[in-house]
Amino acid sequence: MRVRRLFGLALATLAFAATSATGSFAAGTATPQVSWGDCKYGGGYPTKHSSGYWYCHGGTYDGQRLSGSGGY
């Protein structure tokens, strides 16, 4: 009975570790986004890309997508 409990606990621990590692990997590869105000304060200006998203053009945050800008 103890062996089954320990085996179940070990499987649960492995599953939790796998999802934690996957989640942190996905968070690390997310596209950096800046706010509209940060774009303007950094010397850039917002421009709309053909994909429908807004990007900062010029300045400190050149080429980064603006947060809160949805595509088509």
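Computed from a predicted model, the values in this text were never measured in an experiment.

Let's shift gears to the state of the cysteines. Overall, the coordinates contain one disulfide when judged by the stated rule. Here Cys-39 pairs with Cys-56 through a disulfide, and the sulfurs are 2.1 Å apart. What sets the handedness of the Cys-39 and Cys-56 disulfide is the S-S torsion sign, and at about 90° it is right-handed. Here Cys-39, found in helix H2 (residues 36–41), pairs with Cys-56, found in strand S3 (residues 54–57); they are 17 residues apart in sequence, far enough to count as distant. Judged by relative accessible area, which is 0%, Cys-39 ranks as buried.

Glancing now at the confidence of the model for the chain. This prediction gives the chain a mean pLDDT of 77; 54% of its residues lie at or above 70. Per-residue pLDDT, averaged within each element of the chain, yields its smallest value for helix H1 (residues 2–28) (62) and its largest for S3 (94).

Here we take up the environment of Thr-47. Residue position: Thr-47 is located in strand S2 (residues 45–48). Exposure remark for Thr-47: the relative accessible area of 28% places this residue in the partly exposed category. Excluding its chain neighbours within four sequence positions, the residues that come into contact with Thr-47 are Tyr-53, Trp-54, Tyr-55 and His-57.

Before going further, it helps to examine the packing of aromatic side chains. For the coordinates displayed, the defined rule picks out one aromatic pair. Ring geometry for Trp-36 against Trp-54: centres 5.2 Å apart, planes inclined by 50°, an arrangement best described as tilted. Taken together, the residues Trp-36 in helix H2 and Trp-54 in strand S3 connect sequence positions 18 residues apart. Sitting above the plane of the Tyr-53 ring, Arg-65 keeps its charged end 4.1 Å from the centroid.

The next point concerns the environment of Gly-43. Checked against the element boundaries, Gly-43 lands in the loop between H2 and S2. Along the primary structure Gly-43 and Gly-58 are separated by 15 residues, whereas in three dimensions their C-alpha atoms are 6.7 Å apart. In this structure, Gly-43 is in contact with Gly-58 and Gly-59, ignoring residues within four places of it in sequence.

Calculation criteria
- Residues numbered from 1 in each chain as written.
- Predicted model: local features only at pLDDT ≥ 70, side-chain atom pairs only at ≥ 80, totals over all residues.
- Heavy atoms only, no water.
- Disulfide = S-S within 2.5 Å.
- Helix = DSSP H or I, 4+ residues; strand = E, 2+ residues; numbered from the N terminus.
- Buried < 20%, exposed > 50% of the residue type's maximum accessible area, 1.4 Å probe, protein only.
- pLDDT = per-residue confidence, 0-100.
- Contact = heavy atoms within 4.5 Å.
- Phe/Tyr/Trp six-rings, centres within 6.5 Å; stacked < 30°, edge-to-face > 60°.
- Lys NZ or Arg CZ within 6 Å of the ring centre and 35° of its normal.

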